[in-house]
Amino acid sequence: MMGGLRAVHSGGVPISDDAGSSKPLDVAQIHELHADFVWSSLQRLGIHVADLEDTMQDVFVVVHRRLGTFDASSRLSTWLFGICLRVASQYRRKAHRRRERSVLDLERMAGESENEAPDTALLAREAEQRLEQVLDALEPRRRVVFVMFEIESVGCAEIAEQLGLPLGTVYSRLSAARTDFAKAALRLRRQDERRRTA
Amino acid sequence: MTEPKRWLEGGDAGEDALALLRAARPPVPLGAAARRRSSQRVAALCVVPVAATFGWWPALALGAVLGAGGSLVVTRLVASDPPPSETSSARHAPSTNSTAAPLVEAPSLQQQPSEAASLPEHAAPKPAPTAPVAATLAAPPVPESDSADALQQEIRLLEQARRDLASSPGAARLTLLDHERRFPTGHLRIERELLLVDALVRLGRRTEAEARAASLERQNPNSLYRERLDQILGKLPK
């Protein structure tokens, strides 16, 4: 047991806290240790900031349900990341909703700046949405490595450590993600050009 | 193998990719308030037996039949006992033990507490539904042909939410809010509210859940949903 807290989950399975010690953790303790990691992972997987809290709760609902099936020989953060991937995948099914909201946001912002020159905030928002569109084209595991390296400036060794991956896997995912990102960026530019000439 | 150079630091990238990357904003950290709210919700999970998170949703059997007058009549069949299995057919099959109640137009449904109350402190408020619920409940029914199609869409959304409810109450909530936005006066708005109350309880948003439940009870003071609401809110054993 840890810190006098009782493992309330059936089994109270011994779980490594990623510091090497093997202690039975419950979902509250896992939250305490890994909330930042889950929060960051969900963002890297493209969860809209406004939906992060609820999506994070979804992750911990799954953690609570599945804790008894966790293989204690695995790293907890790797297992959590797998759950984040699945929950984010469910969230993506609601992507149409996000797009509608984004359109609403743009319309609202455009309305606010009516009769004025295009607003800097509006342009920045549009640029962010284009980036999001391209990132959405990446395979999620590659996307996470790409975002950590290119946007968050996390080193490859640190990425490997956080995600529980061999360093070579991080390099290969980054390389594949770069290729996919460049292709998607090119496709987006060609779409823009076609739209302008239509 | 050496670490590659980041694109924005002079790595080998095309101008299209660089222009997009320059728009990136740093990630939003988990703030203290959001962390506290999340901790509270997770702590609430700890007092729920794991089996309960697999719990059945009482069969929400939706029967849509055309009445003699040609108008669409929707009956709601809510089982009072758990179904014997979670099979799809069991979920959809009308239950002989169920109580059918005709759809009754509710006089009003009060506006719910703001969703923004539980957003991260840095998050922008979510847009309000396209039409206030209270203002639209009395809207005239849509034409029959549209109704049949709309009902299918409503059923799909609610089925999706029900499937997500146990494993992903947040996703279920999004689907239900989508239903609320698209069908504010839909045939299945009461089922939507029941599911929303359930999703909010599972998300630890008890105050919002109770507000929704109170509003639903005000509309239907003697409805057969009351018992189910009490079960969801923990006032009655499940």
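Quick caveat, the model's predicted, so the values are computed rather than measured.

1. Observations regarding the overall build of chain A
Part 1 of the reasoning: Secondary structure assignment for chain A yields 8 helices and 2 strands.
Part 2 of the reasoning: Each helix and strand of chain A, placed in order from N terminus to C terminus, yields the pattern β-β-α-α-α-α-α-α-α-α.
Part 3 of the reasoning: Counting all 198 residues of chain A, 51% fall into the buried class.
Part 4 of the reasoning: Counting contacts in chain A only where the partners sit at least 6 residues apart, residues at least 24 apart contribute 58% of the total.
Part 5 of the reasoning: Carbon and sulfur atoms form 51% of the exposed surface of chain A, whose accessible area is close to 9,100 Å².

2. Let's talk about the packing of aromatic side chains
Part 1 of the reasoning: Tallied over the full model, the rule gives 4 aromatic pairs over all chains.
Part 2 of the reasoning: Judged by centre distance (5.6 Å) and plane angle (75°), the ring pair of A:F146 and B:W7 falls under edge-to-face. One end of the pair, A:F146, is in helix α6 (residues 140-151); the other, B:W7, is in the segment before α1 (15-22), on a second chain.
Part 3 of the reasoning: Judged by its relative accessible area of 0%, A:F146 falls in the buried class.
Part 4 of the reasoning: Overall, the relative accessible area of 5% leaves B:W7 in the buried class.
Part 5 of the reasoning: One aromatic cluster is present, formed by A:F146, A:F181 and B:W7 through successive ring pairs.
Part 6 of the reasoning: Across the ring face of A:F149, the terminal group of B:R6 is positioned such that the distance to the ring centre comes to 4.2 Å.

3. Considerations on the confidence of the model for chain A
Part 1 of the reasoning: On average, residues of chain A carry a pLDDT of 80, and 75% of them reach 70 or more.
Part 2 of the reasoning: This model gives residues 1-13 of chain A a pLDDT under 50, and the stretch forms 24 contacts once residues within four places in sequence are excluded.

4. Details of the confidence of the model for chain B
Part 1 of the reasoning: Residues at a pLDDT of 70 or more form 54% of chain B, whose mean pLDDT is 64.
Part 2 of the reasoning: Within the model, pLDDT remains below 50 along residues 51-145 of chain B, and this stretch shows 175 contacts once partners closer than five positions in the same chain are excluded.

5. Considering the interface of chain B and chain A
Many structure descriptions define interface size as the accessible area lost when the parts assemble.
Part 1 of the reasoning: Counting residues at the interface gives 58 residues for chain B, matched by 54 residues for chain A.
Part 2 of the reasoning: Interface of chain B and chain A: buried area, both sides summed, is about 5,100 Å²; carbon and sulfur atoms make up 60% of it.
Part 3 of the reasoning: Three residues, B:R6, B:W7 and B:L20, lead the burial of chain B against chain A; their summed loss comes to 13% of the area buried on that side.
Part 4 of the reasoning: Inspection of the chain B/chain A interface yields 8 salt bridges.
Part 5 of the reasoning: Scanning the region where chain B abuts chain A turns up 21 residue pairs in polar contact (both at pLDDT 80 or more).
Part 6 of the reasoning: Elements that contribute at least two residues to the side of chain B that touches chain A include exactly α1, α2 (32-46), α3 (50-53), α6 (144-165) and α7 (169-182) of chain B.
Part 7 of the reasoning: In terms of residue class, the side of chain B that touches chain A is made up of 32 nonpolar, 11 polar and 15 charged.

6. A look at helix α9 (residues 206-219) of chain B
Residue and element names in this part refer to chain B.
Part 1 of the reasoning: With 14 residues, α9 ought to run about 20 Å at 1.5 Å a step, and its terminal C-alpha atoms sit 20 Å apart, in line with that.
Part 2 of the reasoning: Within the span of α9, buried status applies to E208, A209, R212, A213, S215, L216, E217 and Q219.
Part 3 of the reasoning: Lining the buried residues of α9 we find α7, α8 (189-202) and α10 (225-232).

7. Topic: the environment of B:L196
All names here are of chain B.
Part 1 of the reasoning: Mapped onto the elements of the fold, L196 is located in helix α8.
Part 2 of the reasoning: Residue L196 is classed as buried on the basis of its relative accessible area, which comes to 1%.
Part 3 of the reasoning: Apart from residues lying up to four places away in sequence, L196 is in contact with R173, L176, L177 and R212.

8. Thoughts on helix α3 (residues 76-92) of chain A
Part 1 of the reasoning: Compared with an ideal rise of 1.5 Å per residue, which puts 17 residues at 24 Å, α3(A) spans 24 Å between its outermost C-alpha atoms and is within 8% of the ideal.
Part 2 of the reasoning: Taking burial as the measure, the 17 residues of α3(A) include 13 buried ones, the bulk of the element.

9. Some points on the nonpolar core
Part 1 of the reasoning: Ranked by internal contacts, the top residues of the largest apolar core, which has 64 residues, are A:F60, A:V63, A:F146, A:L163 and A:F181.
Part 2 of the reasoning: In terms of residue count, α3(A) provides more of this core than any other element does, 10 residues in total.
Part 3 of the reasoning: Excluding residues that lie within four positions of it along the chain, A:F181 makes contacts with A:L131, A:V134, A:L135, A:L138, A:F146, B:W7, B:A17, B:L20 and B:L21.
Part 4 of the reasoning: In terms of nonpolar packing, the next biggest core, distinct from the first, is built from 12 residues, B:A161, B:L177, B:L188 and B:L196 among them.

10. Some details on the environment of B:R205
Part 1 of the reasoning: Take B:R205: it is sitting in the loop between α8 and α9.
Part 2 of the reasoning: Residue classification places B:R205 among the buried residues on the basis of a relative accessible area of 5%.
Part 3 of the reasoning: For the pair B:R205 and B:R37, spaced 168 residues apart in the sequence, the C-alpha separation amounts to 9.5 Å.
Part 4 of the reasoning: For B:R205, the side chain forms a polar contact with the side chain of A:D54, separated by 3.1 Å.

11. Describing the packing of helix α2 (residues 52-66) of chain A against α3(A)
Residue and element names in this part refer to chain A.
Part 1 of the reasoning: Direction vectors running N to C along α2 and α3 enclose 125°, while the axes themselves pass 9 Å from each other. Of the possible angle classes, the one that applies to α2 and α3 is oblique. You can see that α2 and α3 cross each other, and the crossing is right-handed. Contact with α2, carried on its side by T55, D58, V59, V62, V63 and R66, involves W79, L80, I83, C84, V87 and Y91 of α3 and no other residues of that element.
Part 2 of the reasoning: Grouping the constituent residues of the contact of α2 with α3 by class yields 9 nonpolar, 1 polar and 2 charged.

What counts, and at which threshold
Residues numbered from 1 in each chain as written. Chains lettered and ligands numbered in written order. Predicted model: local features only at pLDDT ≥ 70, side-chain atom pairs only at ≥ 80, totals over all residues. Heavy atoms only, no water. Helix = DSSP H or I, 4+ residues; strand = E, 2+ residues; numbered from the N terminus. Buried < 20%, exposed > 50% of the residue type's maximum accessible area, 1.4 Å probe, protein only. Contact = heavy atoms within 4.5 Å. Areas by Shrake-Rupley, 256 points an atom, 1.4 Å probe, with all protein chains shown as cover. Phe/Tyr/Trp six-rings, centres within 6.5 Å; stacked < 30°, edge-to-face > 60°. Lys NZ or Arg CZ within 6 Å of the ring centre and 35° of its normal. pLDDT = per-residue confidence, 0-100. Buried area = accessible area lost by both parts, 1.4 Å probe. Salt bridge = Lys/Arg side-chain N within 4 Å of Asp/Glu carboxyl O. Polar contact = N/O pair within 3.5 Å; in protein donor to acceptor, adjacent residues only side chain to side chain. Nonpolar A, V, L, I, M, F, W, Y, C, P; charged D, E, K, R; others polar. Expected span 1.5 Å × (residues − 1). Core = buried A, V, L, I, M, F, W, Y, C linked by side-chain atoms within 4.5 Å. Axes fitted to C-alpha atoms, helices over the stretch in contact; angles between N-to-C directions. Parallel < 35°, antiparallel > 145°, perpendicular 65-115°, else oblique. Left-handed = near helix turned anticlockwise from the far one by under 90°.

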